[in-house]
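Overview (structure and organization)
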Amino acid sequence: MIEPVLFRDDVLALLDQRLLPHEETLFECRDAAAVVEAIKTMVVRGAPAIGVAAAGGVALAARAAAAGGASCPDGFRAVVVEAVDALVAARPTAVNLAWGARRVARVVDAALDAGADGPEAAARAWSEALAIRDEDVAANRALGAHGAALVPDGARVLTHCNAGALATAGYGTALGVVRAAVEDGKTVHVIADETRPFLQGARLTAWELQKDGIPVTLISDSMAGALMARGEVDLVVVGADRVARNGDVANKIGTYTVAVLARRHGVPFYVAAPTSTLDPDCPDGAAIPIEERDPAEVTSFAGTRVAPEGVPARHLAFDVTPAELVTAIVTEKGIHRAPFVRSLAAALGIPEDDGAAAGEAGPAGENGAGPAEVPVRAAAEEEDLF
């Protein structure tokens, strides 16, 4: 299984996705600052994967605090809060990032409150980050098994961006559905949008499917509608960076376009995401912060400028697909259909109208479902964080 996030002794090793498919190189992070840089520069990307990486970043900060001999619990907490703040600010759209960082921070807080010394608090933080990694892989396998039922034998599945093992702790979300269908003995052919401007489909999705021996055909983003019109796409399966309470879905830029095309041509449009990507504190897509990245990523390709000097560019990294265009959302809890306010609340084990309560119901909570403390704010602003 492809593992993009590796915990090795005192190092968080990340498969450098900027270099794929040509080089398989590990980017070693020995402190939280390195993890922040890796997330910002897309060494690691994909909502579940950066959630796991952020959890590891907080654990590294806790280890640094312990090694530095933080003389009191407040000093130890200050080091961890600083790391959480920096990690949460690294990329604003994917809810898993803040969720993973804050979950580990709460474990540190509880350990210190219980009288643990620095090394013990750091050890518990590292263990919690490992648990988040393991839970993500298990969730992906479970949602894959649910989603496989939606994939007919012989299906031609279009996907956008990369929602595979590389975007998670392993196995994948959208590609987890594909993998599970193949494991069930079905024949599946994936059609991968190249996904401009970072080419996650061309560089990453095609790479990992080829490694697994799953048939894949790469197309330009602008070709998706033409193939649907020709009857050459049976269903669409994508991942998500954040799913609002009403079922609106934030995902890689271009996903909304694919959803509109799918609706026009009567092609089912499915979203695959673990419950850690559901944000019940976010009422709808309008409340999801959308990251805007460096325009140079649009005007240049592989370090070479392709647009005339002086031409301005925009680079919205994500868009929002309205719930009305989503056929179903697949999580480790099952297949959820409209009205999503009801079905997603049931998946999280919360009342339909109680988004705020969901902050207590994440995988760190007793019922094991849904993210905790997911609004993207600086950790220092979270009054109940420490």
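Just above sits the structure.
Everything in this summary refers to the structure shown in the same document. (Residues numbered from 1 in each chain as written. Predicted model: local features only at pLDDT ≥ 70, side-chain atom pairs only at ≥ 80, totals over all residues. Heavy atoms only, no water.)

Helices and strands together make up the secondary structure of the protein, namely 11 helices and 16 strands. Taken over the C-alpha trace, the protein has a radius of gyration of 20 Å; the compact-globule value for 386 residues is 21 Å, and the two agree within 12%. In terms of principal-axis extent, the alpha carbons of the protein reach across some 70 × 50 × 40 Å. Residue burial in the protein is summarised as follows: out of 386 residues, 56% are buried. When contacts within the protein are restricted to residue pairs at least 6 apart in sequence, long-range pairs at least 24 apart make up 74% of them. (Helix = DSSP H or I, 4+ residues; strand = E, 2+ residues; numbered from the N terminus. Rg over C-alpha atoms; globule rule 2.2 N^0.38 Å. Buried < 20%, exposed > 50% of the residue type's maximum accessible area, 1.4 Å probe, protein only. Contact = heavy atoms within 4.5 Å.)

The next point concerns the sheet that holds strand β3 (residues 26-29). What the three strands build is an open sheet, ordered β1-β2-β3; its pairing is antiparallel. Looking at the sheet topology across the chains shown, the edges are occupied by β1 (5-8) and β3. Neighbour to neighbour, the strand axes of the sheet diverge by 25 degrees on average, direction disregarded. Here strand β2 (residues 11-15) pairs with β3 via four bridges, running antiparallel. Looking across to β3, one finds that Leu 12 is bridged to Cys 29. Here helix α5 (residues 118-148) sits on the sheet and contacts β1 and β2; the angle it forms with β1, its principal contact strand, is near 150 degrees. (Pairing = 2+ DSSP bridges. Axes fitted to C-alpha atoms, helices over the stretch in contact; angles between N-to-C directions.)

Right, let's talk about the packing of helix α2 (residues 47-67) against helix α3 (residues 73-90) for a bit. Interhelical geometry of α2 versus α3 gives an angle of 155 degrees and a closest axis separation of 9 Å. One finds that α2 runs roughly antiparallel with respect to α3. Along this stretch, α2 crosses α3, giving a crossing that reads as right-handed. On α3, the residues that touch Ala 54, Gly 57, Val 58, Ala 61, Ala 62, Ala 65 and Ala 66 of α2 are Phe 76, Val 79, Val 80, Ala 83, Val 84 and Leu 87. Here the contact of α2 with α3 is built from residues that sort into 12 nonpolar, one polar and no charged. (Parallel < 35°, antiparallel > 145°, perpendicular 65-115°, else oblique. Left-handed = near helix turned anticlockwise from the far one by under 90°. Nonpolar A, V, L, I, M, F, W, Y, C, P; charged D, E, K, R; others polar.)

Time to look at the pattern of salt bridges. Counted by the stated rule, this structure contains 22 salt bridges. The salt bridge involving Glu 208 is made with Arg 179; its shortest N-O contact spans 2.7 Å. You can see Glu 208 sitting in helix α7 (residues 200-212) and its partner Arg 179 sitting in helix α6 (residues 174-183), a full 29 residues away along the chain. Classification of Glu 208 by relative accessible area gives buried; the value is 0%. Because the salt bridges share partners, they merge into one network encompassing Asp 74, Arg 77, Asp 109 and Asp 113. (Salt bridge = Lys/Arg side-chain N within 4 Å of Asp/Glu carboxyl O.)

Okay, the environment of Ala 323 next. You can see Ala 323 is positioned in the loop between β14 (318-321) and β15 (328-331). What makes Ala 323 buried here is its relative accessible area of 14%. Put simply, Ala 323 and Ser 127 are 196 residues apart on the chain and 36 Å apart in space, counted from C-alpha to C-alpha. Ignoring anything within four residues of it in the chain, the contact list for Ala 323 reads Asn 246, Gly 247, Asp 248 and Phe 340.

Below, the discussion takes up unusual backbone geometry. Cis geometry marks the peptide bond from Arg 196 to Pro 197; its omega dihedral reads 0 degrees. One can find Pro 197 in the loop between β5 (188-193) and α7. Looking along the chain, the bond that leaves Ala 338 and enters Pro 339 is cis, with omega of 0 degrees. For Pro 339, the position within the fold is in the loop between β16 (334-336) and α11 (340-348). Notably, Leu 199 is not glycine yet its phi reads approximately 60 degrees, a positive angle. Checked against the element boundaries, Leu 199 lands in the loop between β5 and α7. On the basis of relative accessibility, which here comes to 10%, the residue Leu 199 falls in the buried class.

Summed over the entire model, instances satisfying the criterion amount to one aromatic pair. Ring geometry for Phe 7 against Trp 126: centres 5.3 Å apart, planes inclined by 80 degrees, an arrangement best described as edge-to-face. Of this pair, Phe 7 sits in strand β1 while Trp 126 sits in helix α5; the two residues are 119 residues apart in sequence, bridging distant segments of the chain. Trp 126 shares its class with Phe 7; the two are buried. Positioned above the aromatic ring of Phe 198 is the side chain of Arg 203, whose terminal nitrogen or guanidinium carbon lies 4.9 Å from the ring centre. Sitting over the face of the ring of Phe 318, Lys 252 holds its NZ or CZ atom 4.3 Å from the ring centroid. (Phe/Tyr/Trp six-rings, centres within 6.5 Å; stacked < 30°, edge-to-face > 60°. Lys NZ or Arg CZ within 6 Å of the ring centre and 35° of its normal.)

As a further point, take the side chain of Asp 241. Of note, Asp 241 is situated in the loop between β7 (235-238) and β8 (242-244). For the buried residue Asp 241, which engages in no salt bridge, the nearest side chain bearing the opposite charge is Arg 91, 6.2 Å off. What Asp 241 contacts, discounting residues up to four positions off in sequence, is Ala 47, Thr 93, Ala 94, Val 95, Asn 96, Ala 250, Asn 251, Lys 252, Thr 277 and Phe 318. (Lys, Arg positive; Asp, Glu negative; His and termini not counted.)

All quantities given are derived from atomic positions and should not be read as evidence of function.
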